[in-house]
Amino acid sequence: MAMPQNHADATALVSRALAPYGERPGPEGVAVLVDGLVTCGQRLHDALCEMPSEQRPVGAFEALAEWEYFAAVGPLGSGPHANWNHARGLARIIRQLMRALEQAARASAS
């Protein structure tokens, strides 16, 4: 099973979103980052959803539920940090989705 997006690209997006607050990009950069995270996360989500539920690793179910909620709700609050905090939340969930896909790939290879 292949990752639906280049693993290095997904990892780079997550790293940028989880950078220290002092390295936060400006509003336009955060918007671009959120867009990339949403695209990446949705691909990972879809790849896990295509998998039969009995083949999904245990952590996949929680990550899927979190993604569906967090992606639907969007940034919480307003102000300069709302989109940045949203990007960081998306990045953490994407890490969980990537781990679940990696576990499923290892299990299917065995």
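Residues numbered from 1 in each chain as written. Predicted model: local features only at pLDDT ≥ 70, side-chain atom pairs only at ≥ 80, totals over all residues. Heavy atoms only, no water.

**Q** Break down the packing of helix α1 (residues 7-17) against helix α2 (residues 27-50) for me, citing the residues and quoting the values.
**A** Between α1 and α2, whose axes approach to 10 Å, the crossing angle comes to 135°. When the interaxial angle is binned, α1 and α2 end up oblique. The element α1 and its partner α2 pack so that their crossing is left-handed. Side by side, α1 and α2 meet where A10, L13, V14, R16 and A17 of the first sit next to L33, G36, L37 and C40 of the second. Across the contact of α1 with α2, the residue classes break down as 7 nonpolar, 1 polar and 1 charged. (Axes fitted to C-alpha atoms, helices over the stretch in contact; angles between N-to-C directions. Helix = DSSP H or I, 4+ residues; strand = E, 2+ residues; numbered from the N terminus. Parallel < 35°, antiparallel > 145°, perpendicular 65-115°, else oblique. Left-handed = near helix turned anticlockwise from the far one by under 90°. Contact = heavy atoms within 4.5 Å. Nonpolar A, V, L, I, M, F, W, Y, C, P; charged D, E, K, R; others polar.)

**Q** Summarise the environment of V14; cite the residues concerned and give the values.
**A** Topologically, V14 is positioned in helix α1. Take V14: its relative accessible area is 6%, and that puts it in the buried class. Not counting residues within four places of it along the chain, the set of residues in contact with V14 comprises L37, A91, I94 and R95. (Buried < 20%, exposed > 50% of the residue type's maximum accessible area, 1.4 Å probe, protein only.)

**Q** Any details on the confidence of the model for the protein chain? Residues and values, ideally.
**A** In regions of low pLDDT, the predicted coordinates are not meant to be interpreted in detail. Residues at a pLDDT of 70 or more form 94% of the protein chain, whose mean pLDDT is 89. Averaged pLDDT values over the elements of the protein chain bottom out at 90 in α1 and peak at 94 in α2. (pLDDT = per-residue confidence, 0-100.)

**Q** Lay out the packing of α2 against helix α3 (residues 58-73) with the relevant residues and their values.
**A** α3 packs onto α2 with a crossing angle of 135° between their chain directions and a minimal axis gap of 10 Å. With respect to α3, the element α2 is oriented oblique. Once α2 is placed against α3, the crossing between them reads as left-handed. For the pair α2 and α3, the contacting residues are L37, V38, G41, Q42, H45, L48 and C49 in the first and A60, L64, W67 and E68 in the second.

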